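Residue strings, one per chain:
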Amino acid sequence: MMSNLNARHIKCAQDQPMYDYNLTDAYYDSDAINPLDLITALFHCSDPFLLQEMVSKMSMCQFAVPLLLPNCDTHQSTLMLWAMRDLVKKFRPNSLAGDRIFVEGRIVEMDIPMVSFVRLGESSLPKSQTLNKLLSNPHQLNDTFVQRDMECGDVPRRISDGLVEVSWYLPCGNTNIDMFTQPVAIANLRGDGRLFKTQMSFLCQTSAAVFIFSDDLEGDLSTLNNRESRAELFLVTNSQRKAFNKETLRDACRKHKVKETNVIVKIKKNDAEFVKTLRVQVNGVIEQNPIKMRVKDMAAVAGRVGFVVDEDCTECRNGKANAEGITESIHDVVKFKEDQLPLHGKIWKRISQIEKERCRMRNVGKDIEKYKSKLKTEEAKLREEQQQKAFSDAMIKFTAGISESGTQRLYFLKWLKIQLDTHSRQNLSTLREQYKDYCRNTPQNKELIKCLDEQISNCSLGPEHFFRELCQLYECACSLPENNPARQKVQHLPALCAQMLLDGFPVELVDGDASNIPMKWITEVFTQLHQLVDTKSKILVLTVLGVQSTGKSTLLNTMFGVQFAVSSGRCTRGAFMLLIKVSEELRSELKCDFIMVIDTEGLKSSELAALDISYEHDNELATLVIGLSDITIINIAMENSTEMKDILQIVVHAFLRMKEVGKKPRCLFAHQNVSDMSAYDNNMRDRIRLVEQLNEMTQIAARMERREANNTKFTDVMDYDPDKDSYYIPGLWHGTPPMAPVNAGYSEAVYELKKSLIGSLQTSDNIKTNDVTEFLRWTQSLWNAVKFENFIFNFRNSLVADAYTDLCTQYNTWEWSFQSEMNKWLITKETMISNFGVAEKNVQINLLRTRLKEFLHEASKKLHEEEQKILSNLEKYFQQKDSKVSLVENYKQDFQTSANSLKRRIENSIKHSLEKAVEIREGMEKVNKIKDKLMDTIEKKVRELLKECRERNADLSEDGLTREFGKMWEGTMSELSAVRLPEVDVYQDVHHLLRADLRSKGGHVSEMVNTVDLKTSGQGEFLVKTDWFSLAKRCWKAFTHFHKRHLTAEIQENCDRIIRHCDSLISDHISVMKRNNTGYHETYIRDLLKAVDDQVKRHEQISEECATHLKVHVCGRAARLFQKTHKEFNVCNDPRSRLMELKPIFLENFFKSF
């Protein structure tokens, strides 16, 4: 529903030409309708919820809205309390202007004095026209009330006499602009007040003052003599009429008790002076502590005078009672959410973190399976914790409320929203005051200010929080067995949510607080939706995306007449979806049954700006919603598109990294707050420059992902025509709020955007609509890809990502050089320790520990030198005058820290390796000594055994001797040190290094590497698959069978050549291990990975995906061989193993001695 300032300027179509009539005859169009009659008729024909929407739009246009709606059939008026319930207004009284404090609340609940204007008998003064001037600034006249000079305003009224309209004047706090310094409600009775005595009685009891317009001072003015009247009376008359008489005026004032000071007489023809006098009188009324009655309190007066109140229906009362059953216990919003809505709070946020961590594995050590198990166990415990807290009292009542049928459910949800908004607003107001107070008076108390800031962020409460809780009730129940009663209890909930989608309610797709999609819940909701519409569920998806507070929700609301939440500042969190049913006549043209509109939270929010996750959060959300959409409206403030350019680059880059995007979204740019009619022509150069920049970024991203062949420009990834798909929309308000009406140009521009959009959909063959089940599968696939993306979302744009990748490449070279150099040094020292004293007869083994200290000291010096080389290289890199360098300046400290961490890690590894080498050498020396002395020991043991056996006549059979030898052997072995070489899980180490090497690749690569089993990888022949090629499907289809075979064979040959080269490297490393008697070291795998990278760079046909499979294949082969060789090294260098090899020889000698 549009907010159109010209909506009241209507006229019925005529059959006769406009000017085809006799000039001598008075022309009268019998088909014309007075706008007030039309408004009255529409209000009678609308349901309660459409009434609220109509009142909201009328108020935005600064139109007066019906307070008392007459019924010409029953002659009984209705107080339109429900229709005005949803009106929320902000204003700043002059008394609060200095502190810049504003007042916000529902208009029906505010204590605002009402001043009524009525006509009794004839009046030569145009009442409604005068009121319009009274409420408007002289330089900006707004027709708040319909008046006779408007189109069809002079058509005789048929059903609207007795209508009481109301409008509110709300100050902004600027005395140069405000007509009134305090808020005031202006009521206007249509028709002769003498004929509507009940309305007059109502107004006299509810108003602070009643201004009577009348020239008929001698007529019947008895309606003023109301005993229950609380209003001060003012008489307004015109001295310029012929029958005007001062005495008659005085008599009328005395008779009806009107003070002479309350008489306003228009003396001059100049309206300005008259309006100024009237304004002074109204100001005087509202500044003298007048009688104030809230609109909701007027219901009691309406009942007394015999009016109907629109909230008196059973469904409305029941809905209100059900909502109050939930909200009456709310005193502290944050505490209420913790107690009554615990499932979607900290627990759900932690589960969401675990879910992403299981995909991205950012904090995993070397044992990936153990880490996965730990995360799975933690998630299971959190789900158990959720199950223990399931179904609070508030959720039981909420579930009962939404389970009601039809209108009752709608009333319940509306009342709940109204009441929750009121609580949140009051809570937020209190917290803001405290925050302001602490920032002014105790700025040093940082912790308290931070705590208040968090409370302000968490104090919002609306129906969406209850639906989040409902979602988590279902999700945690899904972890239970199917026959569990707790699971059966929630099986009906998705169907309720699906029905609400059909009823036009927004449903949360992405949880904004947890940055996650509850996929089990969404899956079941869509499944139920598909069934409810009898599988007629073809949908076209439209999304709006933009920076925070650029009017995204308002744009959608205006374009489609929907009701996404709107406010200045942070409002929408996450992403909400809403279904719009397509009419039968448009279904065949649009090729869909529904249009799904997705509203997203504002990007680049101030709340997230200071956090490390700011880029990641925005880029994730943008990639997801654009990927889901057939059409995305990029909402931009003013002409400057720079703020969205970075995010679009990341989205394109993310799409290139995904294995299969599936669709090519269309992109539209909507520039808001641009009123210049020449904006389109003036910004042509900017549009061209934007496309050039996006093309450049796409090429950079394609080069990084080795997809240059088929992605050379932005439009290869997203459909965008800079000339046709750019729209310029004027600002929403015409003037200074809160009294500014909606800009007529805004509504017209949005309408043109919608018309163009629908028109292009009707003629486009590029957009393929899917049904709900297909959309669901695509959502699951895309969200999975987003969760596994571990690299690109962390950057502001593709330029930064490219520069960072370049720096990483340089740093990896320096790191590899560092590790390689230290590994060579370590092998040399391990060999020296292994050969220590081998040629000497009397080895002084205690000197080995002294030599160890010398080696460790030497290692420390060498490590420091190598670290300084890296730091020096970093300094040289950042001193370059290259545009790339400046982009990664913020990461300099991270790389310096990484170098220091690398040094400490290698230092610990070297210390451990040298100490183990010394212990092995000491153990081997003990073995040698044992070997020399063992024969003497055996002879001694034999003599002792013979003597003992003779003394106790023991059995000296072979079995007996074997048992005795076994006892002796165990005693001898116990004298040997318990030093054992550590068992190294080479597979685990290789997997860890492979993940680290591929961490900057796409999400599908991370997904594959996290689940790969190296023990089975690389066993067979490496076979190239065609879906690994870096060619678009359309290009691949264009290839002939011969070309496909030739390309496949060429890539296969290159991969086989790389594998042979890697096999040669593996053999060389194993030869070094055996020759130097050393174990496995991670630098061997780093060498292999580097070798694959170097080889792949020479072959452009090998895609990133193919290269990944190649690395997995090579690493699987290497891990098996290195594991075997290292095991042989352990056996060969284990003192106990060496001695155990000699056991049969000593046993044989033992037998011979007998």
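Looking at an unreviewed UniProt entry, one finds the protein named Up-regulator of cell proliferation-like and attributed to Clupea harengus.

K.L.:
Explain the overall build of the protein here, please?
P.N.:
On a plain count of helices and strands, the protein comes out with 41 helices and 19 strands. Looking at the 1154 residues of the protein, the share that counts as buried comes to 52%. Sequence separation of at least 24 residues holds for 78% of the intrachain contacts in the protein that already meet a minimum separation of 6.

K.L.:
I tried to follow the packing of helix α38 (residues 1083-1097) against helix α39 (residues 1104-1132) on my own but got confused; where do I start?
P.N.:
The packing of two helices is summarised by the inter-axis angle and the distance between the axes. Here α38 crosses α39 at 150°, and the two axes come no closer than 10 Å. Regarding the angle of α38 to α39, the classification is roughly antiparallel. Between α38 and α39 the crossing geometry is right-handed. Taken together, the residues of α39 that come into contact with α38 (itself represented by Tyr-1084, Ile-1085, Leu-1088, Leu-1089, Val-1092, Asp-1093 and Val-1096) are Ala-1107, Leu-1110, Lys-1111, Val-1114, Cys-1115, Ala-1118 and Phe-1122. Split into classes, the residues belonging to the contact of α38 with α39 amount to 12 nonpolar, no polar and two charged.

K.L.:
Quick question: what am I supposed to make of the side chain of Asn-142 here?
P.N.:
On the secondary structure map, Asn-142 appears in the loop between α4 (127-135) and β6 (164-169). A distance of 3.4 Å separates a polar atom in the side chain of Asn-142 from the backbone oxygen of Gln-62.

K.L.:
Would you take a moment to explain the sheet that holds strand β1 (residues 65-69) for this structure?
P.N.:
Either a parallel or an antiparallel arrangement is found when strands of a sheet pair, and the pairing is made through backbone hydrogen bonds. What the nine strands build is an open sheet, ordered β10-β9-β8-β5-β7-β6-β1-β2-β11; its pairing is mixed. Each edge of the open sheet carries a strand with a single partner, namely β10 (263-266) and β11 (308-309). Across six bridges, the pairing between β6 and strand β7 (residues 184-192) is antiparallel. Within β7, the position partnered with Tyr-169 by the bridge is Val-184. In the packing of α4 onto the sheet, the strands contacted are β5 (114-119), β6, β7 and β8 (209-213), and the crossing angle to β7 comes to about 170°.

K.L.:
What is the right way to read the UniProt feature "coiled-coil region" (unreviewed entry) in the protein from this model?
P.N.:
When the UniProt feature table is mapped onto this chain numbering, "coiled-coil region" (unreviewed entry) sits at residues 361-388. For residues 361-388, helix accounts for 75% and strand for 0%, while the C-alpha atoms at its two ends are 29 Å apart.

K.L.:
Is there a simple way to think about the packing of helix α11 (residues 343-360) against helix α28 (residues 772-788) in this case?
P.N.:
Between α11 and α28, the least distance of the axes is 8 Å, while the angle of their chain directions is 75°. Comparing the axis directions of α11 and α28 gives the class roughly perpendicular. Residues Glu-355, Lys-356, Cys-359 and Arg-360 of α11 lie in contact with α28, whose contacting residues are Trp-783, Val-786, Lys-787 and Phe-788. By residue class, the composition of the contact of α11 with α28 is four nonpolar, no polar and four charged.

K.L.:
How should I be thinking about helix α13 (residues 393-402) in this particular structure?
P.N.:
In an α-helix, one turn spans 3.6 residues; hence positions three or four apart end up facing the same way. Considered for burial, the residues of α13 that qualify are Ala-394, Met-395, Phe-398, Thr-399, Gly-401 and Ile-402. Projected onto a plane normal to the axis of α13, the buried residues spread over an arc of 160° and lie on a single side. For α13, the secondary structure elements touched by its buried residues are α9 (314-327), α10 (333-340), α14 (406-441), α16 (463-477) and α18 (493-502).

K.L.:
Can you walk me through the packing of aromatic side chains in this structure?
P.N.:
Any pair of aromatic rings gets described here by the distance separating the centres and the angle formed by the planes. Under the counting rule described, the total for this entry stands at 21 aromatic pairs. The interplanar angle of 75° and the centroid separation of 5.3 Å between the aromatic rings of Tyr-169 and Phe-180 together place this pair among those described as edge-to-face. Taken together, the positions of Tyr-169 in strand β6 and Phe-180 in the loop between β6 and β7 put the pair 11 residues apart, joining distant regions of the chain. Between the aromatic rings of Tyr-474 and Trp-521, the centroid separation amounts to 5.8 Å while the plane-to-plane angle is 65°, which identifies the pairing as edge-to-face. Residue Tyr-474 is located in helix α16, and its partner Trp-521 is located in helix α19 (residues 519-532); the two are separated by 47 residues in the primary sequence. Taken individually, Tyr-474 and Trp-521 each receive the classification buried, so the pair is uniform in this respect. Members of the aromatic cluster, each reached through a chain of ring pairs, are Phe-336, Phe-398, Phe-412, Phe-466 and Phe-467. A cation over a ring is seen here: Lys-489 above Phe-391, with NZ or CZ 4.4 Å from the ring centre. Geometry around Trp-816 places Lys-1090 over its ring, the cationic atom sitting 5.1 Å from the centre.

K.L.:
Is there a simple way to think about the environment of Gln-140 in this case?
P.N.:
As for its position among the elements, Gln-140 is in the loop between α4 and β6. Here the alpha-carbon distance between Gln-140 and Ala-740, two residues 600 residues apart in the chain, equals 9.5 Å. Excluding its chain neighbours within four sequence positions, the residues that come into contact with Gln-140 are His-734, Gly-735 and Pro-741.

K.L.:
So what exactly am I meant to see when it comes to the pairing of strand β13 (residues 538-546) here?
P.N.:
Residues in a regular strand project their side chains so that they alternate between the two faces of the sheet. With eight of nine residues buried, β13 is to be regarded as a mostly interior element. One ladder, built from two bridges, connects β13 with strand β19 (residues 770-771); its direction is antiparallel. Bridge pairing links Lys-538 to Asp-771 in β19. Two strands pair when backbone bridges link them, and β13 and strand β15 (residues 594-600) are joined in this way by six bridges, in the parallel orientation.

K.L.:
Just to check I follow, could you spell out unusual backbone geometry for this structure?
P.N.:
If a residue is not glycine, its phi is most likely negative; likewise, a peptide bond is most likely trans. Note that the residue after Pro-737, namely Pro-738, is joined by a cis bond; omega there is 10°. Within the element layout of this structure, Pro-738 appears in the loop between β18 (726-729) and α27 (744-763). Here His-75, not a glycine, exhibits a phi torsion of approximately 55°, which is positive. Within the element layout of this structure, His-75 appears in the loop between β1 and β2 (78-79).

K.L.:
Sorry if this is basic, but what is going on with helix α6 (residues 246-255) here?
P.N.:
Those residues of α6 lying buried are Thr-248, Leu-249, Ala-252 and Cys-253. Angular distribution of buried residues about the axis of α6 spans 135°; they occupy a single face of the element. In α6, the exposed positions angled more than 90 degrees off the buried face are occupied by Lys-246, Arg-254 and Lys-255. As for α6, its buried residues are in contact with β9 (232-238) and β10. Immediately downstream of α6, the backbone of Lys-257 shows phi near 55°, a positive value.

K.L.:
What is the right way to read the pattern of salt bridges from this model?
P.N.:
Working definition: two side chains of opposite charge can pair if their charged atoms are close together. Under the definition given, this model contains 46 salt bridges. With its nearest N and O atoms 2.5 Å apart, the salt bridge here joins Arg-468 to Asp-513. Residue Arg-468 is found in helix α16, and its partner Asp-513 is found in the loop between β12 (507-511) and α19; the two are separated by 45 residues along the sequence. Taken together, the shared-partner salt bridges in this structure form one network comprising Asp-86, Arg-106, Lys-414, Lys-417 and Asp-421.

K.L.:
Help me out: how do you make sense of the confidence of the model for the protein in this one?
P.N.:
Should the pLDDT be low somewhere, the predicted coordinates at that spot are not to be read in detail. Overall, the prediction assigns the protein a mean pLDDT of 81, with 86% of residues at 70 or greater. Note that residues 14-28 has pLDDT below 50 and, in this model, five contacts with residues that lie over four places away or in other chains. Segment residues 1031-1038 is flagged for pLDDT under 50; beyond a separation of four residues in sequence, or across chains, it makes 15 contacts in the model.

K.L.:
Would you mind showing me how to read the state of the cysteines here?
P.N.:
Each disulfide consists of one covalent bond between the sulfur atoms belonging to two cysteines. Under the criterion given, the structure shown has zero disulfides. Summary of cysteine pairing: Cys-1106 is not part of a disulfide, and the nearest cysteine sulfur, belonging to Cys-1055, is at 3.9 Å. The buried category is assigned to Cys-1106, whose relative accessible area is 1%.

K.L.:
What am I meant to see in the side chain of Gln-1052 here?
P.N.:
Of note, Gln-1052 is situated in helix α37 (residues 1041-1075). The class of Gln-1052 is buried, set by a relative accessible area of 14%. For Gln-1052, the side chain forms a polar contact with the main-chain oxygen of Phe-1022, separated by 2.6 Å.

K.L.:
When you look at the nonpolar core in this model, what are you seeing that I'm missing?
P.N.:
A general tendency of soluble globular proteins is for nonpolar side chains to be buried together. Counting 124 residues, the largest nonpolar core has Leu-67, Val-115, Phe-117, Trp-168, Phe-202 and Phe-211 as its most contacted members. Broken down by element, the residue count for this core peaks at eight residues, all from α27. If sequence neighbours within four positions are ignored, Phe-211 has contacts with Val-115, Ser-116, Phe-117, Val-118, Phe-234, Val-236, Ile-264, Leu-278, Gln-281 and Val-282. Formed by 92 residues, the second largest nonpolar core is a distinct cluster that contains Leu-341, Tyr-474, Leu-529 and Val-625.

K.L.:
Whenever I open this one, the environment of Ala-41 confuses me. Can you help?
P.N.:
Counting through the fold element by element, Ala-41 comes out in helix α1 (residues 35-45). Linking Ala-41 and Leu-69, residues 28 residues apart in sequence, is a C-alpha distance of 9.8 Å.

K.L.:
Could you clarify how one ought to interpret the pairing of strand β3 (residues 88-91) in this entry?
P.N.:
The alternating pattern of β3 places Lys-89 and Phe-91 on a buried face, while none of Val-88 and Lys-90, on the opposite face, is buried. Alignment of β3 against strand β4 (residues 103-106), held across four bridges, turns out to be antiparallel. Each residue of the ladder has a partner; that of Lys-90, found in β4, is Glu-104.

Thresholds applied
- Residues numbered from 1 in each chain as written.
- Predicted model: local features only at pLDDT ≥ 70, side-chain atom pairs only at ≥ 80, totals over all residues.
- Heavy atoms only, no water.
- Helix = DSSP H or I, 4+ residues; strand = E, 2+ residues; numbered from the N terminus.
- Buried < 20%, exposed > 50% of the residue type's maximum accessible area, 1.4 Å probe, protein only.
- Contact = heavy atoms within 4.5 Å.
- Axes fitted to C-alpha atoms, helices over the stretch in contact; angles between N-to-C directions.
- Parallel < 35°, antiparallel > 145°, perpendicular 65-115°, else oblique.
- Left-handed = near helix turned anticlockwise from the far one by under 90°.
- Nonpolar A, V, L, I, M, F, W, Y, C, P; charged D, E, K, R; others polar.
- Polar contact = N/O pair within 3.5 Å; in protein donor to acceptor, adjacent residues only side chain to side chain.
- Pairing = 2+ DSSP bridges.
- UniProt positions renumbered as here; feature names shortened; annotations may be inferred.
- Arc of directions from axis to C-beta.
- Phe/Tyr/Trp six-rings, centres within 6.5 Å; stacked < 30°, edge-to-face > 60°.
- Lys NZ or Arg CZ within 6 Å of the ring centre and 35° of its normal.
- Salt bridge = Lys/Arg side-chain N within 4 Å of Asp/Glu carboxyl O.
- pLDDT = per-residue confidence, 0-100.
- Disulfide = S-S within 2.5 Å.
- Core = buried A, V, L, I, M, F, W, Y, C linked by side-chain atoms within 4.5 Å.

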